[in-house]
Amino acid sequence: MQIIQFEERYRQDFIDFNTDWIVSNFGFLEENDRETFEKIDEEMKAGAMIFFAVENNVALATCMALPMEGGTWEICKLASNKNVPHKGAGSAVFEAAMKWALEHGAERLFIVSNSRLKIALHIYEKYGFKEIKLKDYGYVRGDIAFEYIKERRFLM
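What you see is a predicted model; the values in this text were computed from it and never measured. (Residues numbered from 1 in each chain as written. Predicted model: local features only at pLDDT ≥ 70, side-chain atom pairs only at ≥ 80, totals over all residues. Heavy atoms only, no water.)

Student: Would you mind going over the pattern of salt bridges with me for this structure?
Tutor: Should their charged atoms come close, side chains of opposite charge can pair. For the coordinates displayed, the defined rule picks out 10 salt bridges. The partner of R9 in a salt bridge is E7, and the shortest N-O contact between them spans 2.8 Å. Owing to a relative accessible area of 29%, E7 belongs among the partly exposed residues under this scheme. One network of salt bridges, in which partners are shared, links E30, D33, K77 and R141. (Salt bridge = Lys/Arg side-chain N within 4 Å of Asp/Glu carboxyl O. Buried < 20%, exposed > 50% of the residue type's maximum accessible area, 1.4 Å probe, protein only.)

Student: Got a minute to help me understand helix α2 (residues 31–38) in this structure?
Tutor: Count 3.6 residues to each turn of an α-helix, and residues three or four apart come out pointing the same way. Among all positions in α2, only D33, T36 and F37 are buried. The arc that holds the buried residues of α2, viewed along the axis, is 95°, so those residues lie on one side. Residues of α2 that are exposed and angled more than 90 degrees away from the buried face: E31 and E38. Along its buried surface, α2 packs onto α1 (11–26), α3 (40–45), β3 (58–67) and β4 (72–80). (Helix = DSSP H or I, 4+ residues; strand = E, 2+ residues; numbered from the N terminus. Arc of directions from axis to C-beta. Contact = heavy atoms within 4.5 Å.)

Student: Would you mind going over the confidence of the model for the chain with me for this structure?
Tutor: Atom-level detail of predicted coordinates should not be read off regions where pLDDT is low. With 97% of its residues at a pLDDT of at least 70, the chain reaches an overall mean of 93. Here helix α5 (residues 118–126) stands out as the least confident element of the chain, with mean pLDDT 90; strand β1 (residues 2–5) is the most confident, with 98. (pLDDT = per-residue confidence, 0-100.)

Student: Just to check I follow, could you spell out the nonpolar core for this structure?
Tutor: Across soluble globular proteins, nonpolar side chains show a tendency to be buried alongside one another. With 51 residues, the main nonpolar core has F14, F52, I75, F94, L109, Y124 and F129 as its most contacted residues. Going through the elements one at a time, α1, β2 (49–55), β3, β4, α4 (89–103), β5 (108–113), α5 and β7 (144–149) are the ones with two or more residues in this core. With 8 residues, α4 is the single largest residue contributor to this core. With 6 residues, the next largest nonpolar core counts F110, Y137, Y139 and A145 among its residues. (Core = buried A, V, L, I, M, F, W, Y, C linked by side-chain atoms within 4.5 Å.)

In structure tokens form, the structure reads like this:
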């Protein structure tokens, strides 16, 4: 398995994996989802990156790092190929998205999720994300959010 940055040939996998995952867990796509899928090129020009775990030219999992404002980046659209075993692929693309954001100026990483998604929540916590409370989670399905604050290292 290798982790790669966005390649056009995997664009539809990004859309399909996420659509399947969202619809199978929550019944429908939200407007924010459709907008992300329709504006991939615009988001990438603005600094976003989509990662794929790939083996034998088959995408196993995907995750996006999306710049927001004020040094905050969203880690989003973490999804996997339901038809192929892919142990560790989700964690690998999640980590790649985190690293991309932090290397490109993120001071804070942000995630909106759902408390039913125990595997995803485990990944977030494994990488040092802490739960935060919001008044508005931005998605009908969103009921939990996490953040990761970049460590500042001071030289003495």
